[in-house]
Amino acid sequence: MNQQTPVLETVDVTRTFKVGAGVFSRKKILKAVNGVSLTVNKGDVLGLVGESGCGKSTLAKMLLGLLPPNAGDIRFDGDPVMSIDRLELARRVQPIFQDPYSSLNPRKTIFDCIALPLKVHKVGDKSEWTDRVRDIMETVGLSDQYMSAYPSQLSGGQRQRVAIARALIMRPEVVICDEPTSALDVSVQSQILNLLLDLRKDFGLTYVLISHNLAVVEHIATRVAVMYLGRIVEENDTEGIFRNPRHPYTRALLESVLTPEPHLGVPETHLGAEFPNPIDPPQACTFHPRCIHFMKGLCDEIAPRPLVQDDGGMAECHLYDEKYAAKAAATGG
Amino acid sequence: MSVLLEVQDLNVDIPLSSGILHPVQKLTFHVDKGETLCIVGESGCGKSLTSLALMDLLPKRASRTGTKLELAGMNLLTASNREMSDIRGNRMGMIFQEPMSSLNPAFTIGNQMEEAMLRHRDVSRKEARERAIYLLEKVGITGARGRLGQYPHQLSGGLRQRVMIAMTLMCGPDLIIADEPTTALDVTIQAQILLLLKELQREFGMGLILITHDLGVVARMADRVCVMYAGQIVEQGTAEEVFGDPMHPYTRGLIDCIPVPGKTKRGEHLGSIPGMVPSLVGAFQGCHFRDRCPHAHDRCAPDPIHLNWIGEGRGYRCVLSPEETRRAGELEAAE
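Residues numbered from 1 in each chain as written. Chains lettered and ligands numbered in written order. Predicted model: local features only at pLDDT ≥ 70, side-chain atom pairs only at ≥ 80, totals over all residues.

Some remarks on the overall build of chain A
A count of helical and extended segments in chain A gives 10 helices and 12 strands. For chain A, whose C-alpha radius of gyration is 21 Å, the value lies close to the compact-globule estimate of 20 Å for 333 residues. Overall, chain A is about 70 × 50 × 50 Å in size when its C-alpha atoms are taken along their principal axes. For chain A, with 333 residues in total, the buried portion stands at 47%. Summarising the internal contacts of chain A: among those between residues at least 6 apart in sequence, 63% fall at separations of at least 24. (Helix = DSSP H or I, 4+ residues; strand = E, 2+ residues; numbered from the N terminus. Rg over C-alpha atoms; globule rule 2.2 N^0.38 Å. Buried ≥ 20, exposed ≤ 12 C-beta atoms within 10 Å, placed from the backbone. Contact = placed C-beta atoms within 7 Å.)

Regarding the packing of helix 5 (residues 156-168) of chain A against helix 6 (residues 186-203) of chain A
Residues and elements named next belong to chain A. The interhelical angle for the contact between helix 5 and helix 6, taken along N-to-C directions, is 20°, at an axis separation of 10 Å. Judged by the inter-axis angle, helix 5 sits roughly parallel to helix 6. The chirality of how helix 5 crosses helix 6 is right-handed. Contacts between helix 5 and helix 6 involve Gly 156, Gly 157, Gln 160, Ile 164 and Leu 168 from the first element and Val 188, Gln 191, Ile 192, Leu 195, Leu 199 and Phe 203 from the second. (Axes fitted to C-alpha atoms, helices over the stretch in contact; angles between N-to-C directions. Parallel < 35°, antiparallel > 145°, perpendicular 65-115°, else oblique. Left-handed = near helix turned anticlockwise from the far one by under 90°.)

Details of the nonpolar core
If you look at the biggest cluster of nonpolar residues, it comprises 176 residues, and the most contacted ones within it are Val 208 and Leu 209 of chain A. Those residues in contact with Leu 209 of chain A that sit more than four places away from it in its chain are Val 45, Leu 46, Gly 47, Leu 48, Cys 177, Val 217, Ile 220 and Ala 221 of chain A. (Core = buried A, V, L, I, M, F, W, Y, C linked by C-beta atoms within 7 Å.)

As for unusual backbone geometry
Residue Pro 302 of chain B is reached from Ala 301 of chain B by a cis peptide bond, and omega for that bond is 0°. Note on placement: Pro 302 of chain B falls in the loop between helix 11 (249-257) and strand 12 (308-311). If you check the backbone angles, Glu 179 of chain A has positive phi at about 50° while not being a glycine. The residue Glu 179 of chain A is located in the loop between strand 7 (174-178) and helix 6 in this model. Residue classification places Glu 179 of chain A among the buried positions, given that 20 C-beta atoms sit within 10 Å. Phi angles above zero are rare outside glycine, and Ala 284 of chain A is one such case at about 50°. Within the secondary structure layout, Ala 284 of chain A lies in the loop between helix 9 (248-255) and strand 11 (307-308).

Topic: the pairing of strand 1 (residues 3-16) of chain B
Residue and element names in this part refer to chain B. Bridge count for strand 1 against strand 2 (residues 19-32) is nine bridges, and the pairing is antiparallel. Looking across to strand 2, one finds that Val 12 is bridged to Val 24. Following strand 1, the chain reverses through two residues before pairing antiparallel with strand 2. Alignment of strand 1 against strand 5 (residues 68-71), held across four bridges, turns out to be antiparallel. Bridging across to strand 5, Leu 5 finds its partner in Leu 71. Pairing of strand 1 with strand 4 (residues 63-65) involves three bridges; the strand directions are antiparallel. Paired with Val 12 across the bridge in strand 4 is Arg 64. (Pairing = 2+ DSSP bridges.)

Quick look at the sheet that holds strand 10 (residues 224-229) of chain B
Residue and element names in this part refer to chain B. The sheet built from eight strands is open, its strands ordered 7-8-9-3-10-11-13-12 with mixed pairing. At either end of the open sheet lies a strand with only one pairing partner, and these are strand 7 (92-95) and strand 12. Mean inter-strand twist for the sheet, computed between neighbouring axes without regard to direction, equals 20°. When strand 8 (residues 175-179) meets strand 9 (residues 207-212), the two strands line up parallel, connected through five bridges. Its bridge partner lying in strand 9, Ile 176 is registered against Leu 208.

Concerning the interface of chain B and chain A
In many reports, interface size means the accessible area that the parts give up when they come together. Residue-level contacts link 41 residues of chain B with 38 residues of chain A. Taken together, the elements giving at least two residues each to the side of chain B that touches chain A come down to helix 7 (157-169), helix 8 (187-204), helix 9 (215-221), helix 10 (239-244) and helix 11 of chain B. The element best represented in the side of chain B that touches chain A is helix 8 of chain B, accounting for eight residues. When its residues are assigned to classes, the side of chain B that touches chain A shows 21 nonpolar, 14 polar and six charged. (Nonpolar A, V, L, I, M, F, W, Y, C, P; charged D, E, K, R; others polar.)

Looking at helix 6 of chain A
In a regular helix each residue adds 1.5 Å, so 18 residues correspond to 26 Å; helix 6 of chain A covers 25 Å between its end C-alpha atoms and thus fits that length. Turning to helix 6 of chain A, its buried residues number three or more, namely Val 186, Ser 187, Val 188, Gln 189, Ser 190, Gln 191, Ile 192, Leu 193, Leu 195 and Leu 196 of chain A. Residues of helix 6 of chain A that are buried sit in contact with helix 5 and helix 7 (214-220) of chain A together with helix 9 and helix 11 of chain B. Just downstream of helix 6 of chain A, Gly 204 of chain A is the residue with a positive phi angle, here 60°. (Expected span 1.5 Å × (residues − 1).)

So, the sheet that holds strand 7 of chain A
Residue and element names in this part refer to chain A. The strand order 6-7-8-3-9-10-12-11 describes an open sheet built from eight strands, whose pairing is mixed. Either end of the sheet is taken by a strand with one partner, and the two such strands are strand 6 (93-96) and strand 11. As paired strands, strand 9 (residues 223-228) and strand 10 (residues 231-237) are joined by six bridges and run antiparallel to one another. Of the residues in strand 10, the one forming a bridge with Arg 223 is Asp 237. Where helix 1 (residues 56-63) meets the sheet, it contacts strand 3 (45-49), strand 6, strand 7, strand 8 (206-210) and strand 9, and its direction lies at approximately 155° from that of strand 8. Contacts between helix 5 and the sheet are confined to strand 6 and strand 7, with strand 6 contributing the most and set at about 175° to the helix.

Shown next as structure tokens:
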């Protein structure tokens, strides 16, 4: 492998929201993303996994430059995202959203939907648009007979292909896919995943893939970051995450993947408590109320630090901290 | 085991301006006491209409016909509306996908749970309340007594689904129909809810019909499986049979479509099923899957394809003989 060049980098990025708890009570601070540092290298597929409310979509919005961080830096090719011209950034980073039913304008034809980026960027004239739209539709496997159709006339899978065509028509470098297949049927999901894999190869794309479906992430991602309540609690290459999960939360997530193997039955995830309220997160390690390796007096008092492991992975858990090794051994961790 | 629900040749017809839509065609299956039957299929295959047809909750225009629909000996086909509403929520309960839209936002949890029991049983409100608290604890909700006064919007998605389950259990039903009960939930919560359903089923000996599109859920939950495609059951058998030795090309196609960590090769193409589901308006000739099937030939139309029974409760809807279909499966795997 040659030298890896980072395309997208976040350094200690934090984003908070003010949330009203009621008419008369004071607004509360919700830390949606809390000190996230990530690096996405060129050609990588970074899978971002976590439960709803963990902040993965907020992070995606910041990567797209749609939302400024409160603190920390997001850099694209070394330049701060917020300093890059809005249009320029939109050309180089593009999103694909979950629901192709709501991400396409129902009053516009498929041609208009796909050609919009060309209009916005003032590229060429109408005849060039038609050629480019036809090209990209062929690339994503849509027949050009749909050019004058409306989104409502297309199936879910076809609409997602339109969304992909629109994202790719300006030849972006990075595509942020936010749950690209979770609204689709299994047989359509596999077609879209195959397409994403092909496009990555053909266009040399870099993906950030946000998904709660770990099987999908395992299949496409080269690196995986596990998010819990606004923090990245574990990061590693896909092999490492799935073969040797370190953080107890990652292990619980992997256990809850239901593979089609009838003899295995329904797994017990040991995540007793419900997902905590993000407005009022638990002290220190935010995972401690649900953790089976909870160490009293440690996990609920001292926040764990990111610990780089010898295989290049990172886990944010006291179990891997030499300082507390004795305690971890004593509690059977 | 004794049969709890028996369904024979169940049809649902919906008149449209362009003709009659046949979303459910000649469904025949049964559920034993304490058994889990999974109905699996993609959107539009008729699985949700099947569940509504069983509950007699179909939209007004739709009509339901069949030769047999019996729950524990009661004939549901001839039951009046009055009789059906005595059975619904009492002998058979239903859990829907979105607990927020199936709970009434204007009433407290306690109120709605007690209502279910007061409607069907001769009990006092106090007794109903005690039963509600007992069941909320059973489904793993802490501080059950305090929860009774809460409104649905005050609960998280997972908690709401637990409340839904507890509410369904109020009258101790014989059969629960769960339509995509975990699709709106996170994976970790999904596993918890499924485990809860299994445990409750074991404890109360209920039959469970689980309707889902997720093959993983089916494999882990089902005793027996019905695979539906375009309004028909195309394959049925035990979970081991259907996943270990799938006989219908559609079932094999579906199984090949899903990535399985450790089994499918990372970054390589997954299987796919080309083409689209056919329209079910008007009369349909031959095999519904033939336009998408890699093994389609002249025999697949125009005669209707019947379920090919190859064992007790084990069948598939295809013209290929068991030997031919196994060979076809090997060919697909080699590709």
